[in-house]
Amino acid sequence: MQGAGTRLQSLRWQMKSLTDILIPKLFDTVAAAADAARPAIIVGSGVQMAGTSIAELRGIPSVTSMFAPCTVPSSDSPPPVVRWQTLPRWLNQAIWKWGAPFADRALAGPMNAARERFGLPPHPKPSRLLAGRRTVVAADRELGPFPKDAPATVVSTDAWILGEPQAAMDAKLDDFLRAGPPPIYVGLGSMVAKPGLST
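These numbers were taken from a predicted model, which means no experiment stands behind them. Positions within a chain are numbered from 1, following the residues in the order the chain's sequence is written. In view of the model being predicted, local features appear only for residues whose pLDDT reaches at least 70, and side-chain atom pairs are presented and counted only at 80 or more, with totals across whole chains, interfaces and linings using the full set of residues. Computation of side-chain values covers all heavy atoms of the structure but excludes hydrogens and water.

Visitor: Can you break down the overall build of the protein residue by residue, with the values?
Guide: When its secondary structure is counted, the protein shows 4 helices and 4 strands. What counts as a helix is a DSSP run of H or I of at least four residues, what counts as a strand is a run of E of at least two, and both are numbered from the N terminus. Starting at the N terminus and ending at the C terminus, the protein contains elements arranged as α-β-α-β-α-β-β-α. A simple rule labels every residue: compare its accessible area, found with a 1.4 Å probe on the protein chains alone, to the largest value its type can have, and call it buried under 20%, exposed over 50%, or partly exposed in between. Buried residues in the protein amount to 27% of all 199 residues. For the protein, the share of sequence-separated contacts (at least 6 apart) that also reach a separation of at least 24 residues comes to 45%. Each accessible area value is a Shrake-Rupley result obtained with a 1.4 Å probe; residue values ignore everything except the protein chains displayed when judging cover. Looking at the protein as shown, the accessible area adds up to about 14,000 Å², and 62% of this sits on carbon and sulfur atoms. Two residues qualify as a contact provided that any one of their heavy atoms is within 4.5 Å of a heavy atom in the partner residue.

Spelled out as structure tokens, the structure:
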């Protein structure tokens, strides 16, 4: 996807997928899960398009967990969608501040349409629903220091490590890993591509 105009086409495709497919599906899925489980709180991770709204509908609190400090507004870094992550602090802060109205405009239609389907009133600033009233950043404090100017609604913990014993590894995989030097893993997660497009 290196040709002229492909970045804009990709952005358009991603936004259409987000607004037409992902947001409605998230509202339906989170609502169904909340109906089945009857939780006392909804805890979501990443960008929450539906969690805070469904919690509002059920009359329960919600918390969003993030795993990198760059996901909360601060002067330390711009929003993760900004390609350049080494901007001056004043510019990072400005992008967070002045980018919110653009995010609200892009999200207002689909998020408020989904809220309306569930009998909720429209929200004037739907970007504020993405993290909700309380956000927990669970990141290693050495690798991802918590920003000093993060919003008061954001708290920090250290990285969350699963303390359960690991399941036994498949014998063939274990043999492979022990046979030579440690392998190197390169992950390309969180990449969006059109269905059927090989990478």
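Visitor: Describe helix 3 (residues 89-117), with residues and values.
Guide: The end-to-end C-alpha distance of helix 3 is 40 Å, a good match for the 42 Å that 29 residues give at a rise of 1.5 Å each. At Ala108, helix 3 shows its largest bend, some 50°, and a proline, Pro110, comes one to four positions later. For helix 3, the complete set of buried residues consists of Asn92, Trp96, Asp104, Leu107, Pro110, Met111, Asn112, Ala114 and Arg115. Phi turns positive one or two residues past the end of helix 3, at Gly119, with a value near 80°. By this rule the span expected of a helix is its residue count minus one, scaled by 1.5 Å. Bend is computed residue by residue as the angle between axes fitted to the seven residues ending at the residue and the seven residues starting at it.

Visitor: I'd like a description of a nonpolar patch on the surface, backed by residues and values.
Guide: Note that patches include only residues with greater than 30% relative accessible area and no salt bridge, and the join distances are 9 Å for like charges and 5 Å for nonpolar side chains (Val, Leu, Ile, Met, Phe, Trp, Tyr). We define a salt bridge as a side-chain nitrogen of Lys or Arg found within 4 Å of a carboxyl oxygen belonging to Asp or Glu. Among the surface-exposed residues, Met169, Leu173, Phe176 and Leu177 lie close enough to one another that they form a single nonpolar patch of about 380 Å² accessible area. Mapped onto the elements of the fold, Leu177 is located in helix 4 (residues 171-179).

Visitor: If you had to explain the packing of aromatic side chains to someone new, which residues and values would you point to?
Guide: Here the aromatic set is Phe, Tyr and Trp, taking the six-membered ring for Trp, and pairing holds for ring centres within 6.5 Å; pairs whose planes are under 30 degrees apart are stacked, those over 60 apart are edge-to-face, and all others are tilted. In total, this model carries 2 aromatic pairs according to the counting rule given. Centre to centre, the rings of Phe67 and Trp160 are 5.7 Å apart; their planes meet at 85°, and the pair counts as edge-to-face. Taken together, the residues Phe67 in the loop between strand 2 (62-66) and helix 3 and Trp160 in the loop between strand 4 (154-157) and helix 4 connect sequence positions 93 residues apart. Exposure remark for Trp160: the relative accessible area of 48% places this residue in the partly exposed category.

Visitor: Now, about the pairing of strand 2: what can you tell me, with residues and values included?
Guide: Of all 5 residues making up strand 2, 5 are buried, and the element is well covered by its neighbours. Pairing between strand 1 (residues 42-45) and strand 2: 4 bridges, direction parallel. Counterpart to Gly44 in the pairing with strand 2 is Thr64. Strands are labelled as partners when DSSP assigns at least two bridges between them. As paired elements, strand 2 and strand 3 (residues 135-138) share 3 bridges and run parallel to each other. Counted as the bridge partner of Thr64 is Thr135 from strand 3. By convention, a crossover is right-handed whenever its connection, traced from the first strand over the helix to the second and viewed with the strands pointing away, goes clockwise. Since strand 2 and strand 3 lie parallel, the crossover through helix 3 that links them has a hand, and here it is right-handed.

Visitor: I'd like a rundown of the pattern of salt bridges, residues and numbers included.
Guide: Any two side chains of opposite charge can pair, on the condition that their charged atoms come close. Within the structure shown, the criterion is met by 6 salt bridges. Between Arg58 and Asp35 there is a salt bridge, with the nearest N and O atoms lying 2.4 Å from each other. Of this pair, Arg58 sits in helix 2 (residues 51-58) while Asp35 sits in helix 1 (residues 6-37), placing them 23 residues apart in sequence. Here Asp76 ties to Arg89 by a salt bridge, and the two come within 2.7 Å at their closest N and O atoms. Within this pair, whereas Asp76 is found in the loop between strand 2 and helix 3, its partner Arg89 is found in helix 3, the two being separated by 13 residues in sequence. According to the relative accessible area criterion, Asp76 is partly exposed, its value standing at 36%.

Visitor: Just give me the short version of the pairing of strand 3, but keep the residues and values in it.
Guide: The alternating pattern of strand 3 places Thr135 and Val137 and Val136 and Ala138 on opposite faces, both of which are buried. Bridging between strand 3 and strand 4 involves 4 bridges; their strand directions are parallel. Looking at the pairing, Ala138 lines up with Thr157 of strand 4.

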